[in-house]
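Secondary and tertiary structure notes
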Amino acid sequence: MAKTYKIAVITGDGIGPEITEATIIALGEVGLSIEFTKVFAGLSAWEKYGDQLPQETIDIIKSSDACLKGPTQTPPGPGSFKSATVTLRQILDLYANVRPFKNHPGVPSIHKGVDMVIVRENTEGLYKGIEYTVGDSALGIRVITKAGSERIARFAFELARREKRRKVTAVHKANVLKETCGLFRNVVAGVAARYPDIQFDEMYVDAAAMRIAMKPQDIDVIVTTNLFGDVLSDEVAGVVGGLGIAPSANVGDRYAFFEAIHGSAPKHAGKWDANPAAIMFSSAMMLRYIGEVDAGNRFEAAIDRVLEEGKTITRDLGGNAGTLDFAKAVAEKMKRT
Ligand code: NAD
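So, here is what we can say about the structure in this document. Note that the structure is predicted; figures quoted are calculated from it, not measured.

Glancing now at the site of the ligand. Contacts to the ligand come from 20 residues, most closely from Thr72, Glu259, Gly263, Ala265 and Asn275. Between His262 and the ligand, the recorded distance is 3.2 Å, taken from a side-chain N or O atom to a nitrogen atom. Between the ligand and the protein, one listed contact pairs an oxygen atom with a backbone N or O atom of Gly263 at 2.6 Å. Burial of the ligand by the protein chains amounts to 68% of its free accessible area of 810 Å². For the shell around the ligand, the per-class residue count stands at seven nonpolar, nine polar and four charged.

This is how it looks when you write it as structure tokens:
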């Protein structure tokens, strides 16, 4: 008998419930037996339970094969709760944030021929959230460890080898942040020496931002620290067609969750007009992670066909279809494969 996969679904905030619902509809036609369990995190969990990441949510994710995560909202500034996304990454030790970027057929983009992966360290750096206020000053501690840098570097080189990629670029700012970025840079260079089949180079983060804007085709795999990876990801998404199509995986040695790069887009909430493509591409990554490589590839191809046809695309891509129209179009394509 075919296995029934258990997938925890954080519905999230803003457009989260809409795009996760759309994804569940489309995944219904993927030809697998999947049991979805909806769980709460983020602002909605805070309002309901006074806890942005209830223990029940963590337990259900731990007992599932993987988690699909809608975006969660975090109010800015002091006094509000810590981001549920960042907390979940730290609790589950999901140290690798994998963000692949490429052009998609039919999606207008600033550059063509882009095929890049950002491998972002996901548990350290400034996102460790160690901050203090002392008098009129606010201080933040940037934590970079040898062990953390070593495992993310190994992850990046293994990914490059597995995906037959040619080069890994370490992105840092070791000329200014001499201790933290200095350590990261030296550890990654040490790991690179163990992968002679993969080219290695390095770039300062400001130069990398410029290269992404001008000639992103030069870059293959980036390995970088937490904050730099977060910022550069939105830039690359912009270069290949926008946040509406950019997926990601948060992976550790035992658990993983899959989410769009974008946030909860509050101004679209309740309108059912947000683009669900990014979280759908993320769920294709999730299918491959649980071992259903063929289903993941077929699902991704179905999303691409709907984008290419351009008849059922959402407003951010120049169409006028709703979130569920897009999902149903993908489901239709899946039925035919
Ligand atoms: P955002 O990604 O939500 O929105 C940026 C812009 O892109 C907005 O104009 C938005 O309308 C548009 N956009 C984003 N996704 C879209 C989609 N699928 N379809 C159509 N348009 C889309 O970023 P923000 O406004 O900076 O953040 C809003 C909230 O999201 C904040 O509370 C932030 O903390 C949260 N956030 C969560 C995550 C996460 O859960 N991983 C990531 C980023 C931001």
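Now that the structure is up, let's keep going.
Glancing now at the environment of Asp197. Mapped onto the secondary structure, Asp197 falls in the loop between helix 6 (180–192) and strand 9 (199–204). C-alpha separation for the pair Asp197 and Phe157, spaced 40 residues apart in sequence, amounts to 9.8 Å. One polar contact links Asp197 to Arg161, side chain to side chain, over a distance of 2.9 Å.

Another point: the packing of helix 5 (residues 146–162) against helix 6. Closest axis-to-axis distance for the helix 5/helix 6 pair is 9 Å, and the angle between their directions is 45°. Taken together, the axes of helix 5 and helix 6 lie oblique to each other. The handedness of the crossing between helix 5 and helix 6 is right-handed. Seen from helix 5, the contacting residues are Lys146, Ser149, Glu150, Ile152, Ala153, Arg154 and Phe157; seen from helix 6, they are Leu183, Phe184, Val187, Val188, Val191 and Ala192. Split by residue class, the contact of helix 5 with helix 6 holds nine nonpolar, one polar and three charged.

We now examine the sheet that holds strand 11 (residues 247–251). Across a sheet, strands are paired by hydrogen bonds formed along the backbone, either parallel or antiparallel in direction. Reading across the sheet, the 10 strands line up as 2-1-3-12-11-4-5-10-8-9 and stay open at both edges, with mixed pairing between neighbours. On the outer flanks of this sheet lie strand 2 (33–39) and strand 9, each paired with one strand and no other. Between one strand and the next, the sheet's axes are offset by a mean angle of 25°, whatever the strand orientation. Of the strand pairs in this sheet, strand 4 (residues 96–102) and strand 5 (residues 115–121) are connected by seven bridges, and their pairing is antiparallel. Paired with Arg99 across the strands is Ile118, a residue of strand 5. Contacting strand 4, strand 5, strand 8 (167–172), strand 9 and strand 10 (221–224), helix 5 crosses the sheet at an angle of about 160° to strand 5. Those strands touched by helix 9 (residues 277–289) are strand 1 (4–10), strand 2, strand 3 (66–69), strand 4, strand 11 and strand 12 (256–260), and its axis lies near 160° from that of strand 12.

Conventions and cut-offs
One numbering rule holds for all chains: residues counted from 1, following each sequence as written. Local features in this predicted model are restricted to residues whose pLDDT is 70 or higher, and side-chain atom pairs enter the listing and the counts only when it is 80 or higher, whereas totals over whole chains, interfaces and linings include all residues. Note: side-chain values were computed over all heavy atoms of the structure, leaving out hydrogens and water. Residues are classed as near a molecule or strand on a simple rule: at least one heavy atom within 4 Å of it. Within 3.5 Å is the distance limit for a polar contact, defined as a pair of N or O atoms, with the added protein rule that one can donate a hydrogen and the other accept it, and that residues adjacent in sequence qualify only through two side-chain atoms. Computed with a 1.4 Å probe, the accessible areas rest on the Shrake-Rupley method; for each residue, only the protein chains presented here act as cover. Here the term charged refers only to Asp, Glu, Lys and Arg, the term nonpolar to Ala, Val, Leu, Ile, Met, Phe, Trp, Tyr, Cys and Pro, and the term polar to all other amino acids, Gly among them. Secondary structure follows DSSP: runs of H or I at least 4 residues long count as helices, runs of E at least 2 residues long count as strands, and numbering of each begins at the N terminus. Lines fitted to C-alpha atoms define the axes, with helix axes restricted to the stretch in contact, and inter-axis angles between N-to-C directions lie between 0 and 180 degrees. Working rule for angles: under 35 degrees goes down as roughly parallel, over 145 as roughly antiparallel, 65 to 115 as roughly perpendicular, anything else as oblique. Crossing handedness is defined as follows: a turn of the near helix away from the far one that is anticlockwise and smaller than a right angle gives a left-handed crossing, while the clockwise case is right-handed. Every residue pair with non-hydrogen atoms within 4.5 Å of one another is taken to be in contact. Here, strands pair whenever DSSP counts at least two bridges between them.

The values reported here are purely geometric and, on their own, carry no functional implication.
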